[in-house]
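# Overview (structure and organization)
Now for the letters of each chain:
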Amino acid sequence: MSRFEKRFGKYAISNLSLILILCYVVGYIIQLINADFLLYLTLNPYEVLHGQIWRIFTWVIIPPSSLDPFTIIMLLFYYNIGTSLERTWGTYRYNVYLLSGMFFTVVGSFVWLLVQYLTGGTSSNIEYISILASVYFSTYYINMSIFLAFSATFPNVQVLLMFLIPVKVKWLGILYGLVLVYDFLFAGNLVTRIAIASSLLSFVIFFVTSRSHIHMTPKQMKRRVEFRQDIRRNSRVTKHKCAICGQTEDDDPSLEFRFCSKCNGNYEYCQQHLFTHTHVQ
């Protein structure tokens, strides 16, 4: 547990994936009532600088695609993988991952606006193209980053492609990555490139900082936690400790701990990792 997590972890928002989907529901309702009104909610940096501050926050309710059965299935899928990441990483780290992607997207939109001014755009011209560009600064690529993080964390999990073909999620992650690289290098314009880069920056940071323990087994994670605790010379003896995250009853008195009967050895897990860990054979 990092120093920042100890200090700010209590402010982490639980079920952030569900909240994001509920934002989409609000967006779809607005779209059905008055679709043109959504243009007043998009992430338009030009309008933000002219007083429409609410756009910094309201853009997250813009639906990633039109409402149809396939979209509903995809939203349920992203909810499931987002919830799995939150249970595995912990609420605080998942909050940091998702909210940093949103923050980088906001920053990217203003970077795009700055480029327009530096390349000689006039105010009237920039005002018009900002309306068109704001559509690209959405949560679409942030959702892609959630899938990429899931494929990196659980590479051997199988999903049914088109509900028929079983395929490991790591291959879908590689395919998605190649599509994003192609869109960035060849298919997209400037606003697309900035939107992709800013939205996926959180995944790049995650992959770089987590590459040393993405594929750790519970036994390796347990040794890592014990090593760090030995360095801190924590002499307090606790009755329960999770083999994945190292949390004890001192960290959160409301946590429940259980031993896993399928693991080869006495490995105890907290309620967040009891059903998501890899069994030790």
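Note that residues are indexed from 1 along each chain, following the sequence as it is written. The predicted nature of this model means local features are confined to residues of pLDDT at least 70 and side-chain atom pairs, given and counted, to a pLDDT of 80 or more, with totals for whole chains, interfaces and linings taken over all residues. As a rule here, side-chain values cover all heavy atoms of the structure and leave hydrogens and water aside.

## Observations concerning the overall build of the protein
Just so we agree on the cut-off: Strands here mean DSSP runs of E at least two residues long; helices mean DSSP runs of H or I at least four residues long; both are numbered from the N terminus. The contact criterion used throughout is that any non-hydrogen atoms of two residues lie within 4.5 Å. Every accessible area reported is derived by Shrake-Rupley at a probe size of 1.4 Å, with residue values counting cover from the shown protein chains alone.
In terms of helices and strands, the protein carries 11 helices and 4 strands. Pairs at least 24 apart in sequence give 62% of the contacts found in the protein among residues at least 6 apart. When the accessible area of the protein is evaluated, it comes to approximately 16700 Å², of which 63% is carbon and sulfur surface.

## A few points about helix H9 (residues 169-187)
In an α-helix, one turn spans 3.6 residues, which is why side chains three or four residues apart end up on the same side. As a reminder, the rule being used: Any helix carries an expected span of 1.5 Å times its number of residues minus one. Three exposure classes are used, based on accessible area relative to the maximum for each residue type with a 1.4 Å probe and protein chains only: buried under 20%, partly exposed in between, and exposed over 50%. Read the arc as the range of directions from the helix axis to the C-beta atoms.
Look at H9: 25 Å from first C-alpha to last across 19 residues, which is about the 27 Å you get at 1.5 Å a residue. Listed in full, the buried residues belonging to H9 are Val169, Leu172, Gly173 and Leu180. Axial view of H9: buried residues confined to an arc of 105 degrees, hence all on one face. Counted as exposed and oriented over 90 degrees from the buried face of H9: Trp171, Leu178 and Phe186.

## Side note on the environment of lysine 10
When you line up the elements, lysine 10 lands in the loop between helix H1 (3-8) and helix H2 (16-34). In this structure, the C-alpha to C-alpha distance between lysine 10 and threonine 91, residues 81 residues apart in sequence, is 9.5 Å.

## Quick notes on the environment of tryptophan 59
Summarising the element assignment, tryptophan 59 is placed in the loop between helix H4 (55-58) and helix H5 (69-89). Judged by relative accessible area, tryptophan 59 falls into the buried class, the value being 1%. Separated by 20 residues in the primary sequence, tryptophan 59 and leucine 39 have C-alpha atoms spaced 9.4 Å apart. Once you skip the residues sitting within four places of it in the chain, tryptophan 59 turns out to touch Leu41, Thr42, Leu43, Met102, Thr105, Val106, Phe137, Ser138, Thr139 and Ile142.

## A short note on the confidence of the model for the protein
We count it as follows: Confidence scores per residue from the predictor, reported as pLDDT, run from 0 to 100.
Per-residue confidence for the protein averages 82 on the pLDDT scale, and 88% of its residues sit at or above 70. Note that pLDDT drops below 50 for residues 213-219; the model gives that stretch 19 contacts with residues more than four away or on any other chain.

## Points about a nonpolar patch on the surface
Quick note on the threshold: For patch building, the residue pool is restricted to those with more than 30% relative accessible area and no salt bridge; the joining distance is 9 Å between like charges and 5 Å between nonpolar side chains (Val, Leu, Ile, Met, Phe, Trp, Tyr). The salt bridge definition used is simple: a Lys or Arg side-chain nitrogen within 4 Å of an Asp or Glu carboxyl oxygen.
Together, Leu18, Leu22, Val25, Ile29, Leu32 and Ile33 make up an exposed nonpolar region whose accessible area comes to about 600 Å². Inspection of the secondary structure assignment puts leucine 32 in helix H2. Accessibility expressed as a relative area gives 70% for leucine 32, which makes it exposed.

## As for the packing of aromatic side chains
Put simply, the rule is: Under the pairing criterion, centres of Phe, Tyr and Trp rings, with the six-membered ring standing for Trp, must be within 6.5 Å; the plane angle then separates stacked pairs below 30 degrees from edge-to-face pairs above 60, leaving the rest tilted.
Overall, the coordinates contain 13 aromatic pairs when judged by the stated rule. On the numbers, 6.4 Å between centres and 55 degrees between planes, the contact of tryptophan 89 with tyrosine 94 is tilted. Given a relative accessible area of 13%, tryptophan 89 falls into the buried group. When the centroid spacing of 6.1 Å and the interplanar angle of 40 degrees are considered together, the rings of phenylalanine 203 and phenylalanine 206 count as tilted. Note that phenylalanine 203 and phenylalanine 206 are positioned in helix H10 (residues 190-210) at a spacing of 3 residues, about one turn of the helix. According to the relative accessible area criterion, phenylalanine 203 is buried, its value standing at 16%.

## Overview of unusual backbone geometry
The backbone phi angle of asparagine 15 is positive, close to 55 degrees, even though this residue is not glycine. Tracing the backbone through its elements, the reader meets asparagine 15 in the loop between H1 and H2.

## What to know about the pattern of salt bridges
For the structure shown, the criterion picks out 1 salt bridge. Notably, a salt bridge pairs arginine 258 with glutamate 256, separated by 3.7 Å at the nearest N-O pair. Classification of arginine 258 by relative accessible area gives partly exposed; the value is 45%. Given the relative accessible area of 44%, glutamate 256 is considered partly exposed.

## A few points about the packing of H2 against H5
Our working rule: Here an axis means a line fitted to C-alpha atoms, over the contact stretch when the element is a helix, while the angle between two N-to-C directions is reported on a 0 to 180 degree scale. Working definition: roughly parallel below 35 degrees, roughly antiparallel above 145 degrees, roughly perpendicular at 65 to 115 degrees, and oblique for all remaining angles. By convention the crossing between two helices is left-handed if the near helix lies anticlockwise of the far one by an angle smaller than a right angle, and right-handed if it lies clockwise. Residues were grouped as follows: Ala, Val, Leu, Ile, Met, Phe, Trp, Tyr, Cys and Pro as nonpolar; Asp, Glu, Lys and Arg as charged; and all remaining residues, including Gly, as polar.
Between H2 and H5, the least distance of the axes is 8 Å, while the angle of their chain directions is 155 degrees. When the axes of H2 and H5 are compared, the pair comes out roughly antiparallel. Crossing of H2 over H5 shows right-handed handedness. In contact with Leu16, Ser17, Leu18, Ile21, Tyr24 and Tyr28 of H2, H5 contributes Thr71, Leu75, Tyr79, Gly82, Thr83 and Glu86. Grouping the constituent residues of the contact of H2 with H5 by class yields 7 nonpolar, 4 polar and 1 charged.

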